[in-house]
Amino acid sequence: MTDAIDTDAQIDEEPPTRYGAPLTHSRGQQVLHPDRETWRSTAETLFADNWTMITDLTAVDFLTFEPARQLPKGVTPERYEVVASFVRFDTGERIRMRAQVPADDPRIDSLYAIYPGCDYQERETFDMFGIVFEGHPDLSRILMPEDWVGFPLRKDFAQGVIPVQFKAPQGGGQR
Amino acid sequence: MTVTPEKIGSEETSATPTARATRTPDPEGGQLDRLPRRHAVLRMSEVQAAELADAPLDDENEQTMLVNMGPSHPSTHGVLRLMLEMDGEIVRRSKPVIGYLHTGMEKTGESLTFLQGGTNVTRMDYAAPLFNELVFSLATEKLLEVDIPPRATWIRMLMCEINRIASHLLFMATNGMDLGAVSMMIYGWREREQVLRFLEKVTGLRMNHNYIRPGGVAADLPDGWRDDVLFLLDMLPPRLAEYDILMSGQPIWRERLQGVGVLAAEEALALSVTGPLLRSTGIARDMRRDEPYLAYDDVDFDVLVGTRGDSYDCYAIRLNEIRESMRIVRQILDKMPSGDYRVQDTKVTPPPRARIDESMEALIHHFKIFTEGFKVPEGEVYVAVESPRGELGCYLVSDGSPTPYRMHIRAPSLVNLQCLPHKMADGLVADAVASISSVDPIMGEVDR
């Protein structure tokens, strides 16, 4: 934790690495930036190093994100980012993995075989963002109906609006 | 329970090729040995299930039957639907089908300001709404890098522990009802209502409080709050003793729960199960003790663990966690500091009501905060708290505007639901009800 740099300040410098991936800090929390190819092997390393469980897995769609992305040197920003959080019980430490996933090929390796606890959350991320987790045993929609078209949490998925009808008050509305 | 008349082929004599294809694959080189009962996870789509309706009956070979349980079934706590593959009365494989309560709350969260976000997240786990508000507020404060005053911290702790009592009382009621102790439903509800009455007095609402907000809490505790809390602390112990007479020591109750829906510690860890369910398997993990947030390192309490991981342990742990929460509440009564109940940072906090009558600037400031909201510096954080159901997390991404760019809630109910097929594997369908009940899923949180 001590040898890491502050993400916001020094992104031009060569970042320190941990588990073979660039390490940054976000508000004091450790973040690893593996690429898509090393996503699964980094998780395997975490598992081998006694990280107890995957607590969270989700994605972010950076389509309409306006400020400059704060990423360590060597990491190219892409439209999607898959985020997985891990915890280890022996030290109470937490770490997060963030991998860039391009819009034209939204696929990444599944972590199901290493941490089966991400089963539903990978399905949820697929359901909401259309990111394909390769190697997942049953990548199907989980929250939306099976025949749903589109991926609701993508930024270009329109948010439904129900128009409000204003009616004249009872008795003609004239005073 | 609706029993569909169709029969499907057993695994050996599969009636259709689709049924065979849905068996859980076994990827090479993984860690799936930790889940010895993973064959019990049914992977079957609605289309595949519908196709099997036409499968011919085969009296020569053994066939299993696909039974649909829920989504509106009294023991499924709302709208959980289970697809059960039955061999007579034995559940072989099962699949929880969820999404019936999905309203896109994470999408909604992207269009509400950080100030309005509390009203959205509080509706997720409706049995423990204050925890949702707490985790959202903690994440926002982490992004803002503001420290809240000690009194606000202790008020949050007090309210959350009282909410935990209410949530576990609800579990007592529904668990009793699911397993045939129907009078328990009335008792549990009666006590929970008393607890909610206190929450209503403080926040104005029985549920969905929007009381814990970024920067502190919405209002200070009302006059006489101490007496109200003491009333609860006096009222509950004899009632909990009644529960012990009615359930804990009673042979029928024990027979019904002991050894039913067993989950091994290794399975629970592999499936990312947290909360009382993980503790029932013997793993002493409680974020209040292991990663103290708020002021939990200033109070004494025990982390309760089970030994067998069965439904009885789940029940006993929750019953005794009510007592532990009361112990914490008593200490909070002694240690409640005086001071401000919200941070006096004009960026985050609206001016006091009285100032608005005197000062034009205060009026403008008040108007701005409630129309535009306050800006949160860009960044991303993951914050987690120990809710009555396990690790409740909030992942926030801010782009520097007054609304979150992405708001994700790590719902313990959703993740814990993954253990259901494992718990129910090769058990009776009657015991499936006990397993569902001991997982205690809140569907509003599962589907969000």
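For clarity, every value in this text was computed on a predicted model and none was experimentally measured.

Draft legend 1. Geometry of the interface of chain B and chain A. Taken together, the 46 residues of chain B in the interface contact 36 residues of chain A. Of all elements in the fold, only helix H3 (105-109), helix H5 (129-144), helix H10 (265-270), strand S7 (379-387), strand S8 (390-398), strand S9 (406-410) and helix H16 (412-416) of chain B reach the threshold of two or more residues within the side of chain B that touches chain A. Of the residues contributing to the side of chain B that touches chain A, the split by class is 17 nonpolar, 14 polar and 15 charged.

Draft legend 2. Expanded view of the packing of helix H6 (residues 150-178) of chain B against helix H7 (residues 182-203) of chain B. Residues and elements named next belong to chain B. Look at H6 against H7: their axes get within 7 Å of each other, and the N-to-C directions meet at 160°. Judged by the angle between their axes, H6 and H7 are roughly antiparallel. Pair H6 / H7 crosses with left-handed handedness. On the side of H6, the interface is formed by Met159, Ile162, Asn163, Ile165, Ala166, Leu169, Leu170, Met172, Ala173, Gly176 and Met177, while H7 contributes Val182, Met184, Met185, Gly188, Trp189, Glu191, Arg192, Val195, Leu196, Phe198, Leu199 and Val202. Here the residues of the contact of H6 with H7 are counted per class, giving 18 nonpolar, three polar and two charged.

Draft legend 3. Seen up close, the domain arrangement of chain B. Residue and element names in this part refer to chain B. Domain boundaries in chain B define domain 1 (7-97) and domain 2 (123-345). Taking the mean C-alpha position of each, domain 1 and domain 2 sit 36 Å from one another. Contacts between the two partners involve four residues from domain 1, matched on the other side by five residues from domain 2. Among the residues forming the side of domain 1 that touches domain 2, the class breakdown is one nonpolar, two polar and one charged.

Draft legend 4. Quick peek at the sheet that holds strand S3 (residues 29-32) of chain A. All names here are of chain A. With mixed pairing, six strands are arranged side by side in an open sheet as S1-S2-S3-S6-S5-S4. Here the strands that pair on one side only, and so sit at the sheet edges, are strand S1 (17-18) and strand S4 (53-61). Sitting on the sheet, helix H2 (residues 119-129) is in contact with S4 and strand S5 (80-87), with an inclination near 5° to S4.

Draft legend 5. Seen up close, helix H18 (residues 429-439) of chain B. All names here are of chain B. Counting buried residues in H18 gives nine out of eleven residues, a clear majority hidden from the surface. Buried within H18 we find Asp431, Ala432, Val433, Ala434, Ser435, Ile436, Ser437, Ser438 and Val439. Just past H18, the residue aspartate 440 takes up positive phi, approximately 55°.

Draft legend 6. A look at unusual backbone geometry. All names here are of chain B. Positive phi, normally seen in glycine, also occurs at serine 272, with a value near 60°. You can see serine 272 is positioned in the loop between H10 and helix H11 (276-279). Look at leucine 294: it is not a glycine, yet its phi comes out positive at around 45°. Its location among the elements puts leucine 294 in the loop between helix H12 (287-290) and helix H13 (311-335).

About the cut-offs
Residues numbered from 1 in each chain as written. Chains lettered and ligands numbered in written order. Predicted model: local features only at pLDDT ≥ 70, side-chain atom pairs only at ≥ 80, totals over all residues. Contact = placed C-beta atoms within 7 Å. Helix = DSSP H or I, 4+ residues; strand = E, 2+ residues; numbered from the N terminus. Nonpolar A, V, L, I, M, F, W, Y, C, P; charged D, E, K, R; others polar. Axes fitted to C-alpha atoms, helices over the stretch in contact; angles between N-to-C directions. Parallel < 35°, antiparallel > 145°, perpendicular 65-115°, else oblique. Left-handed = near helix turned anticlockwise from the far one by under 90°. Domains from an automatic or database assignment. Pairing = 2+ DSSP bridges. Buried ≥ 20, exposed ≤ 12 C-beta atoms within 10 Å, placed from the backbone.

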